[in-house]
Each structure stands twice: as C-alpha cells, then as structure tokens.
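Residue-level structural notes
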Amino acid sequence: MSVPFTLLGLLEREPSHGYDLKRDYDSYFGRSKPLPFGQVYATLARLSRDGKVVPGEAEPGDGPDRKRYAITPEGREEFETWLGEPVEPEPHLQTILFSKVVLALMLGRSAEKYLDTQRAAHLQRMRSLTEVKRAGSLIDVLLADHGLFHLEADLRWIDMTAARLPSLAAAVTS
Amino acid sequence: MIRFGLRLTTRGGKESMTRLVVMALAVSVGVAMLLLTMATINGLGRQNARGAWMATTPSVEVGNPHFGHRGPQVTAPAASAPIWWIVSSQDFEGQLVVRVDVASTGHNALVPPGIAHLPGPGQYYASPALATLLNTTPTAQLGNRFAGTEIGTIGSAALPSPKDLVIVVGQRAKTLSKIAGAGTITSFVTSSGSGGPDSSGTTGLQIILAVLALVLLFPVLVFIGASMRLSAARREQRLAAIRLAGATMRQVTVIATVEALVAAIAGVVIGFGLYLAAAPLLVHVPFAGQSLESGDLSIGWIDAIIAAIGVPCAAAVVGRFALERVHVSPLGVSRRVTPQPPRVYRVIPLLAGIVELAYFVSAGRPGSSGGQIEGYVLGFFLVMIGLVLAGPWLTMQGAKIMARRTSRVSVLLAGRRLSDNPRGAFRAVSGLILAIFVTSVSVGVISTIITDHGAASGTLASKTVTDQFAFGPANSVPAVPSSVLSSLRSIRGVRGITVVYVAPNDLKIDGAVPHINNLGGDLQYGVVSCAHLVTTPALGTCHAGADFAALGDDIAFEPITKSVTIAASTTWPTAHPTAGLSGLPVQLIAVATNGSVSTINDVETVLDSAFPFESMTSLFGNANAKASQLLSELRTTSEVVILASLLIAGCSLAVAMAAGVSERRRPFSLMRLSGAPLSVLQRMVAFETAGPLLVIAVGSALTGFVTSDLFLRSQLGETLRPPGLAYYLIVGGGLFGALAMIGSTLPLLDRATRPEGARME
Amino acid sequence: MSVELVASDVRPTATLIQAIDVAYDFGETPALRGANVSIREGEILAVMGPSGSGKSTLLHCLAGILVPKRGEIRLSGQRIDTMSEDERSTLRRDTFGFVFQFGQLVPELTAEENVALPLLLSGMRRNDAIVHAREWFERLGIGGLERRRSGELSGGQAQRVALARGLVARPKILFADEPTGSLDSFTGEVVMELLVTAARDDGTTVVLVTHEPRVAAYADREVVVRDGLVTSLNDHATST
C-alpha cells in the first residue's frame, strides 16, 4: 500500500492537518487497518524532507498535529506520474489500484481510462505468460498458470469496478 | 391443475400449437375414415336387406343359385295361402335382371314386398328402371322375354337400389309346378345374410371393406405417431422443467393428459365434421354395380362411440411407442446414443414366404383345397410380415452402401441418418407397405382375371352369346327345338350357332382334353360337331378333317373361371361318339354375332324366352356380369386405397421431416454459415424422405405383383397381366401428391437453418 | 516502462481484412454503430467484450454472414459486403474456416466425415477428402477417433474435430467464436494451444471472439467491442 502517494493525493485535493489526513485515509483506504499516527507524521516528515510537501505555519497549541501541510509543485508532478502509471501486478494490486480509482474520482477525473490502461497492461503480461507456457517446462507452466489465474481475477475485479463506477463516484464526491 | 394444463396447451407458443393441430388432424382423418367405412358397411347392409326377399328359396339349394335348381320339390305345409315361386337371373347389356315368377294357390295369397297384389298369369310388375327400359327398348331385344302386360311398378322399399332391374311375373300354378327348382313358399327371407341373387357378394364385400379400412388404418396410425413426435423433445423438456419446479408426477401426468385429450377431442369433433361433409359424396362411388343412396349411409350409436373412443385409444397406444426414443431426463440429454441396428435375421420371413410361393409354382399346388388355402395364406402372410420386418434391415443396408461410396454431402447426410435410425425412417412408410402390397396383389389378380376371363370388348368372346344350362347328370334338356334355332338364325347379325352336348362317359377321345382350369376333381367334357364349331370360333377349333371334338369341361360348365382368350386359340381333340349327338343332353348353346348391341339383345331375348329357368345367357365368359363388375370395382377400390395411403404416408413423412429438421437445426445452420449452400440440405431431404418413399412404394408394389403372379400361375395356370392405365394414373397421382407434401417442408427447412438465425442461446 | 520489440512487429505485413465504419442493428437494437478494425495477414486477433456487446455480430459481418447496414468489409481490398448471398456463401466455403462454441458437428456422421465436409462441399472426391481429413487427427492429438460417431465424442474431442474441420481446407482466415466456451479450463487450454500452433504453422489469420482473458492471451493483440464501437485499450480512441 503506497501510503506516501495516497497522502500526496489527499493533499492535492486540499491542504490538511495530519489529523484530518489520518481520518480521511482511514475512512477511504484503511478499513481494516487504520493508519497509526506515527506513520502519518513520519511519512509527512519524509515527504517534507524530499520537497514534496511543505508544512504551513504552526498554529496555536504545539505538536505536529497542529501543522497544516500543503503539496508542492514537485509533489504534484510526482503524484500525477504515479497516478497515470499502471501498477505492477504485485500481490497488493487491488489496494493500490483501488486507491487510484478513488483518488481519480475524488479529483473529478474519468477513472475508465485508468482501468483500460490497467487492462491493457494485464493482457500484455498474460500474453507473455502464455508464451512462457507454450515454450517452457512443466514447472514454468504451473507457475505461469498461477500468475494467469491471478491476472484473470484482477481483470474480473476491474470489470466489476468499472460497472460500479457511477455509484462509486457518487459516494466519493459527497 | 387441469386449468393450468389447459392454459399451457393453448398458450404454449407456435410450436406447441402446431403440434396440437397436426395431432388433431391426424386423429380426425382416422375417425372420418372409420366412420365412412362403417357407414358404407351399414349402407350395404340396408341395401341388402331390401332385396333379401329375392333370396327366398322354396327348397334346399343344389348347386349355383343362378341356374334354378333341380332339387326335389317340397310341398309347403298348409299355411296362409302359399304361392309358387322361382327366382332366376338374366343379363341385359351387362346388367343383371332378376326375374321372379309367382303363382297363387288360392285367395289371400302371400304378396311379395313392393307390389300391391300378386300378378296373375300374363301380368307383371317391373322395377321403375326396368319399366323404363321396356318402354324404350325394342321388344325383340327385351320385352319378348316376359310374357304379359305391366300392371304396376315395384316400390323402392323392396329394391336394393333404384337402378335395379327386377320383374315379378305372374304364372299359372300348373305351369310353375312343372318347372324344376320351383316350389311353394309361405314367407319371405328378411335377414341380410345372403340377400338376393345379386348380393351373394355383399357379405364378402362388407368383409373386404372392413379389411381395407384396417389396412388404411396403418398409415393413419403412423401419421398420428409422426405428429406426436413433432416437438416431442421440447414438450418433454417443458414437462421435466415443471417437474423440477416441484410438481408431483401425478400433476405432471394430468397436464400431459390434458394436452392429449384436447387434441383427441378436437380430432374427434373434426373427424365427425369431415364424415358429414364427405358422406354425401359417397353416393357417387359405385359398389357392386350400384351406388348407395345417401339415405342408406348411416352410423349407429355404437359405431359412433367406437370411432370416437377407438381412434384416440389407438392414438394413445401409438403414442407410447412413438415417443420411446425421445426420452429426456429432467436434466436433459447431453450425449446421443446410436440405437441398436436391426439384425439380419429379419429378412428370413420374407425369403421364406417367397420361397414357399415359388415352390408352389414349380411343384404344383397341394392336393386338397384345404391344403391350398393353408399354403397360400401362409405364403402371403409370411411375405407381408416379412416385408414389414425386413424393411428396416434393407433400408439400413441400402443406406450404408450409399453413404460409404458417395462424394456428395447430401447423399452422405441422408444415407447416414437412414442407416443410423432405419426404424425411424421406416416407421413413416411402414403403413404404406401393407397397403400397397395388399392392394397390388388384388389389382394384379383382378386385372388378370378381368382381362382373361372377362369379355373384353372387341374380342371374339365379347361377340359370342352363350346360354349355359344347369350342370348335372340329370340335365333334362335333350335338344334344342328347331324353332329356337331358326329364330336365332333369322336375327340379323348372327354368324354361327354351336350346341355343346354333355359327353357320355364312354366317349372315345384322341389324346387328352386340355383343361384350361382344373378346379380339381373329375368333370365331364362337352362334345360338339365340328361343322358347327367352325361357325363360333370363340370356342376354339377342331383338328382338320374331324367330325366331332371334345371340349374342355371348363368351357362347358364353368364360365366365370374360364380363360376365354385361351379358349379361342385351343384346338380340341377329336372325339368319336358312337351314336352321334342325338339324345345327348344339351349343355351350352353358343351364338356368334357381329357384336352389335341390338343383335346381342335379340339373341339373348330369344334364348331367355325359350329357356327362362333352365339356363342363363351371357356373353361368353361373362356369365356372371355381377361378379365381373364386382371385381372391377374392387380393383378401383384397391387403387383408391393406394392413393389414400400414399397421401397419408406423404403427410407422415412431411411431419417426420419437419421434426427431424428441428432436431438438427443447429448443426445445419452452422453448416450453411460455414458456406454450405441450401441446395445441399434440400437434396438431403429429398434423399431421406422421397427416396425411401419411392423405393418402398415401388418395391412393395412389385412384390405384390410377383406374389399375385405366383398365385395366378399355380392357382389358375395363368401369368400376370399388366394393370390398366387407371392404376398407373392413380399411383402416379398418389406419389406426386406425397412428394408435393414433402416438398412443402422445404421452405421450413430454409427458415430454420438460415445462417442469420444462428444466434447463441 | 519500455515495451519490448518483438521480431514480428518489425516485419511489415499487409492488411488482409478490414471493417470500415460498419453498422448493424437487429430491428430496434443497434449492435454495431460504426466499427472499424483492420486485421493483418497472419495475425491472431482477439475480439473481446461483454456478452451482448456485438462482438459476434462483428465476426459475422467480417465473415460475410451478415451484410452490414452501413459501412464496408474489404478482403484484400475487395468489397465483400456487396456480393450476393451465393457469392458470399462460396467465399465462406473456399476462403474462410469456422469454429463455434458447440453444436457444429453433424451427430450421425463420423468424425472424419465431419472434418471432410468442407472438402466434399467443394467437390473433392470422397476418398481424397477422407485422406486429407485423417491427417489432422494425429496433428490435433485425437488419433484413433476417426471412425467414431460425432455424437459420441466428449466436449474436448468434439471441439478438436471442429477445429480440424475449420482448418482442413487451408482457409485464409479462421473465424473462431468462443471456441472454448463450453470446455473446462484445462481442455480449453489444450484446444487453444492446438489452434494457435496450427495457425502459426500454416500462416492462417485468426479472428478470435472471446470474453475470457486467458483465451485472448493466446492472440497477438486484442480489441474491445463496447457500445457498438471497436476500441483498443491502449490509447483509448476508436482505432484500427
């Protein structure tokens, strides 16, 4: 789960306190696993050190939770790049892809395009795996099968998500 | 449940409605046919009953009723004024004339039905048709036979048909008492057992009609079966679905029964309607020489109930067997299993039957007539059953060969389907086999008999009048009076006269007398003077230089079974009667004429008025005009049965084809989609249905003709004559009609297998 | 992310068949609204899309089964949508091969007879046609089933026979409409493997309609039929 990019996306929407960021993250992305405060502030600190976010003026009542953070132009660019990239079909694809979809919806963009790009990438990967199967040894075939089934499962989920986009968009932008 | 079943039946969609309609129509055809047959049988019976009084005989019959009997005279017990009575029959231009001579014995004499009083001597009552003839025909040709004046007409209630020629002649009691065969009667026969001299065949005719109806019933039952198989798979699937949805077996049975009942009831109602519409048309069909009046055609309550219940029951039985292969379990059928092929043993009965009949031909008939009957019946039975049993095997073999060797897709498809399921293909035409076989045998035998035995127009036989005297050693006509001979000679157009005498037992003959028809047993020959025989060439010729010749007993004694064409070409062996011909009893008088109708009528009149009771006149070989006519009409009936069964088989095939196309809709439409032209499928239909139809129709007709040839050869020593033009026309018409019906399924084929229609389901 | 260049991408090949702005509707329902697709010689194209999307209709238009209401179908540059039904039927018989999801084998014919059907329809003599047909049985791993009745084959065996029938006449284009739709995963894979190998060996162009990604993965590229139009997933504009 790519926490830094998610936080960047939330900040792209509007500058926020760390507390608000955690609250939004938990509510949209962290259903079963709430984000610890420590991780929020540690990530924000790292992003700030890398120049992707800037902390604003401290407000009365000290502590990191009292600072309002905003996204920088570098941070925005990095975020956009990340958003437009297809995700490697690694074990946690759906969480990352999911967050991309939600973020895109939040930002008022068409998620369909991202889904299509993802589909194309998956199919390309499936093609390669199929070539492997046709030429490879039995172990290769078994491993490739495993990969193919997972890729197929992903594609199925993508299809379902595509069908649900309208209601998802309504839920997210309310 | 019943209401649900009704709704399902009537709103089940076009396919299920079609099935219902076709089933109902099939049932209606069966019902109508059965009703028409029963009405005809009843009508014949009624007709017969009207004429039953003419069958009254005063004494035990000896020999053929046509010739007046020589039995002992019986004095009737004293009752209410018995009357003297004798019935004889004559021929006029091919029609039968029944002559009843009566004489009263006192007051309150018994009066025959249809007339007011008993006619006195010199008086007669004539039937309306005969009365008209007497008025319009010159007396020399007809009127002179009956001495007296007409005092009235016979009422129609006493005549089988209004066209009958009947006359009741009054005589003196003294005259009649001297006639052999006359006697007194005190009452008239009323039952229709063997009514009237002209209806000796009526009971036989009724039996034949019943048999023909049964024979036609086969194609109808097959048709019903085919209609049930239509969309049967769909229906089974639907019922299975209902069962799966939780309906009990009982409920499902109720639904299925409702559908069957609806079709049956509709069919019965339509069948009755068809009968009512067709019955008036039956009066145009002649049976046994006269047509039925529409008033005679009727069905009793029992007949109606039998038809109304019997046909649907038969349909139910058929249904159980028809649907045996279309079994679909609740979960559907995924794999197709090829049914068991028919075994080769099925051919055995057919071969056995043909061999047996052929054996009879070569080795001669079994001696006793009982053995004959057994032998022939067994032979026919074996051949018939053999045809039906061997059919599927023959179909399979033929189809296999076709499929293995062909390069054409249509032939391959048809051949494989036929060889895969020969029983199914055969089922549709199996009804045809029996019908065509039976009727071909009858057409073959009848055509030969009529051609050979009948006096076909233009032949010598048709121009020769014969007067046949009663057979028997006590023949009491010693000579023909010279007045009769001179009257005959004075008729214009008479070319020759021959008198055949009964040959004495010790007659010396050079060589053996050819028997044209050996009915078994020893009969006497006839003997003629060659000087006379040369004037009547229809009877044959003498050896050069002979004075007397011996004629075959069949010429002399049994006209109906003679083969008159053979007679004309026979040279009879020379005979040497020791005392010449004087004193020998007369057996036959033959008069050769120029063939004109008036001459023949004049000759017959002279002979009839000279010998009204002792003999019977007719054209040579046509003594029993009635029987010839009967045979001719039987032949027509047979041909009509062929026509009907061909048409019904065409219906069955069309329906079976429609069902078959539906079943194979998907592979065929995908085949067309892959580029196969529609013509391939059309040709396949032709091979699959028209092929077997033609082969079986022609094959069973040929087998029937072969069988009748074998029968004729061994029974009558004759060979088969080809049937007349009417047969070819009727059979051709039937085949054409059947093929047209099959052709009507072709548009369905196109629509069902259209490539655009191959959507994924 | 870089895209690997595959050798076949460099070799230029001609467009064999294309649909240009094709529209087709079934009464009120529009199935295709202006579909464009170009298929190169020797390529294996997967046509994807959910059911009812019109992908089968596109296949039918390309194969000359349906005549588009608007637009053109060109085979090697020649229009085939203007041909008569007889001409298109002959074209399908001589130039195209077909494999369907199920139900195309005539149950009462043997397997080898089913395979030989296209050859017999073209007028080849029976013995020659059967010899040609038999060659495919070993090739597709169903040797020994030649004389079996088609109605008695299992699903996988039947589809292989169907595949043989589609390829026996060496068509230019093989149209496969959900060829493995009725089969389980393993059997389906076997069939797809055989199909692709045979097509690649003989240089047959394949148009493969499927909604299953694992089947589409056997193709060289895929297009999606969506809303009556043909889209490529990569650049998200209606493309060829």
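Residues numbered from 1 in each chain as written. Chains lettered and ligands numbered in written order. Predicted model: local features only at pLDDT ≥ 70, side-chain atom pairs only at ≥ 80, totals over all residues.

Concerning the nonpolar core
- Among the nonpolar cores identified, the biggest contains 216 residues, and Val27 of chain B together with Val47 of chain C are the most heavily contacted of them.
- By residue number, the principal contributor to this core is helix H18 (residues 625–663) of chain B, which donates 19 residues.
- Not counting the four nearest positions on each side in its chain, Val27 of chain B is found in contact with Ile224, Ala263, Ala264, Gly267, Val268, Gly271, Val311, Pro312 and Ala315 of chain B.
- Of all hydrophobic cores here, the second largest spans 40 residues; its members include Val465, Val527, Val528 and Val586 of chain B. (Core = buried A, V, L, I, M, F, W, Y, C linked by C-beta atoms within 7 Å. Buried ≥ 20, exposed ≤ 12 C-beta atoms within 10 Å, placed from the backbone. Helix = DSSP H or I, 4+ residues; strand = E, 2+ residues; numbered from the N terminus. Contact = placed C-beta atoms within 7 Å.)

Section: the interface of chain C and chain B
- With 27 residues of chain C at the contact, the number on the chain B side is 23 residues.
- Listing elements by their share of the side of chain C that touches chain B, those giving two or more residues are helix H3 (85–95) and helix H4 (111–121) of chain C.
- When residues of the side of chain C that touches chain B are assigned to their parent elements, the largest contribution, five residues, is made by H4 of chain C.
- Its residues assigned to classes, the side of chain C that touches chain B shows 12 nonpolar, seven polar and eight charged. (Nonpolar A, V, L, I, M, F, W, Y, C, P; charged D, E, K, R; others polar.)

Here we look at helix H7 (residues 185–202) of chain C
All names here are of chain C.
- Taking 1.5 Å as the rise per residue, H7 with 18 residues should run 26 Å; its terminal C-alpha atoms sit 26 Å apart, in good agreement.
- For H7, every residue scored as buried is listed here: Gly188, Glu189, Val191, Met192, Leu194, Leu195 and Ala199.
- Contacts from the buried residues of H7 go to strand E3 (44–48), helix H6 (155–167), strand E7 (173–177), strand E8 (205–209) and helix H8 (213–216).
- Taken from the residues just after H7, Gly203 is the one with a positive phi, measuring 70°. (Expected span 1.5 Å × (residues − 1).)

Topic: the packing of H4 of chain C against H6 of chain C
Residues and elements named next belong to chain C.
- Running from N to C, H4 and H6 point in directions that differ by 30°, and their axes come no closer than 7 Å. Considering the angle they form, H4 stands roughly parallel to H6. The element H4 and its partner H6 pack so that their crossing is right-handed. Within the contact between the two elements, H4 uses Ala111, Asn114, Val115, Leu117 and Pro118 and H6 uses Val161, Ala164 and Arg165.
- Its residues assigned to classes, the contact of H4 with H6 shows six nonpolar, one polar and one charged. (Axes fitted to C-alpha atoms, helices over the stretch in contact; angles between N-to-C directions. Parallel < 35°, antiparallel > 145°, perpendicular 65-115°, else oblique. Left-handed = near helix turned anticlockwise from the far one by under 90°.)

Observations regarding unusual backbone geometry
Residue and element names in this part refer to chain C.
- The phi dihedral of Ser76 is positive, around 50°, even though this residue is not glycine.
- Of note, the phi angle at Glu178 is positive, near 50°, even though the residue is not glycine.
- Mapped onto the elements of the fold, Glu178 is located in the loop between E7 and H7.
- Given 22 C-beta atoms within 10 Å, Glu178 falls into the buried group.

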